[in-house]
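Results of the structural survey
The residues making up each chain are set out below.
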Amino acid sequence: SGVLLPNIKMHYMLHDLNYKLRFEQNYFDNICVNLVLPYIKNYRFALMNMYNCLKKNGTLIVTSLKPNYDLSIIYKKFVTSNPSKEDIEEARKLLGSAGQIKYKGKLGRYKFFDKNYFFNLLKELCIKSKDVRTMRSFNNQVNIFIIKK
């Protein structure tokens, strides 16, 4: 029974990202925003605000479901792995929620980011990043954007 990451400090906070963060500029070493940015009305403001709170050489990680994502791929793989009935029911609920999110995205309530749109957004915000990388996760259904300040 030991601590897995003894030298890493983590802080969690609840904050409406449509408003300015309560931290000064150059405050954080790293910020991770997992599947959140697409749901924020003023995602440009939120992204710029988080970037400004990063220290020099800090890293901002943003994830987003890709446009036209298909979580049924993951569901199909999961049900072939011999899960319990309860796990299958939870997976069905998740798939149903994903369908609702996709529907609301088509209505314009959510904005899902592909690589080109996100890179253009960074240019629009004049974020001069030393290093911007992209990756995929969740069976290629989630875009990961890694921005080094």
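Keep in mind that what you see is a predicted model, and the values were worked out from it rather than measured.

1. Observations concerning the packing of aromatic side chains
- This structure, assessed with the given rule, holds 10 aromatic pairs.
- Seen from their ring centres, Y39 and Y110 are 4.4 Å apart, and the 75° between their planes marks the pair as edge-to-face. Of this pair, Y39 sits in the loop between β1 (28–33) and α1 (43–52) while Y110 sits in the loop between α3 (85–106) and α4 (115–124), and the two are 71 residues apart along the sequence.
- The class for Y39 is partly exposed, based on a relative accessible area of 31%.
- A connected cluster of aromatic rings, assembled from ring pairs, spans Y43, F113, Y117, F118 and F145.
- Directly above the aromatic system of Y117 lies the positively charged group of K111, at a separation of 4.0 Å from the ring centroid.
- The ring of Y51 carries the charged tip of K149 above its face, separated from the ring centre by 5.1 Å.

2. Focus on the environment of Q141
- Its location among the elements puts Q141 in the loop between β3 (131–137) and β4 (142–148).
- Separated by 112 residues in the primary sequence, Q141 and D29 have C-alpha atoms spaced 27 Å apart.

3. Notes on α1
- Taken together, the buried positions of α1 are Y43, A46, L47, N49, M50 and Y51.
- Where the residues of α1 are buried, they touch β1, β2 (54–65), α4 and β4.

4. Thoughts on the confidence of the model for the chain
- Looking at the chain as a whole, its pLDDT mean stands at 88, while 95% of the residues score no less than 70.
- α1 holds the highest mean pLDDT among the elements of the chain, 95, whereas helix α2 (residues 72–79) holds the lowest, 88.

5. Digging into the sheet that holds β3
- Spatial ordering of the open sheet is given by β1-β2-β4-β3, a layout of 4 strands whose pairing is mixed. Sheet topology places β1 and β3 at the edges, where each strand pairs with a single neighbour. Taking the axes of each pair of neighbouring strands and ignoring which way they run, one obtains an average angle of 10° across the sheet.
- Sheet analysis places β2 next to β4, joined by 7 bridges and oriented antiparallel. Paired with V62 across the two strands is F145, which belongs to β4.
- In the packing of α1 onto the sheet, the strands contacted are β1, β2 and β4, and the crossing angle to β2 comes to about 150°.

Conventions adopted
Residues numbered from 1 in each chain as written. Predicted model: local features only at pLDDT ≥ 70, side-chain atom pairs only at ≥ 80, totals over all residues. Heavy atoms only, no water. Phe/Tyr/Trp six-rings, centres within 6.5 Å; stacked < 30°, edge-to-face > 60°. Helix = DSSP H or I, 4+ residues; strand = E, 2+ residues; numbered from the N terminus. Buried < 20%, exposed > 50% of the residue type's maximum accessible area, 1.4 Å probe, protein only. Lys NZ or Arg CZ within 6 Å of the ring centre and 35° of its normal. Contact = heavy atoms within 4.5 Å. pLDDT = per-residue confidence, 0-100. Pairing = 2+ DSSP bridges. Axes fitted to C-alpha atoms, helices over the stretch in contact; angles between N-to-C directions.

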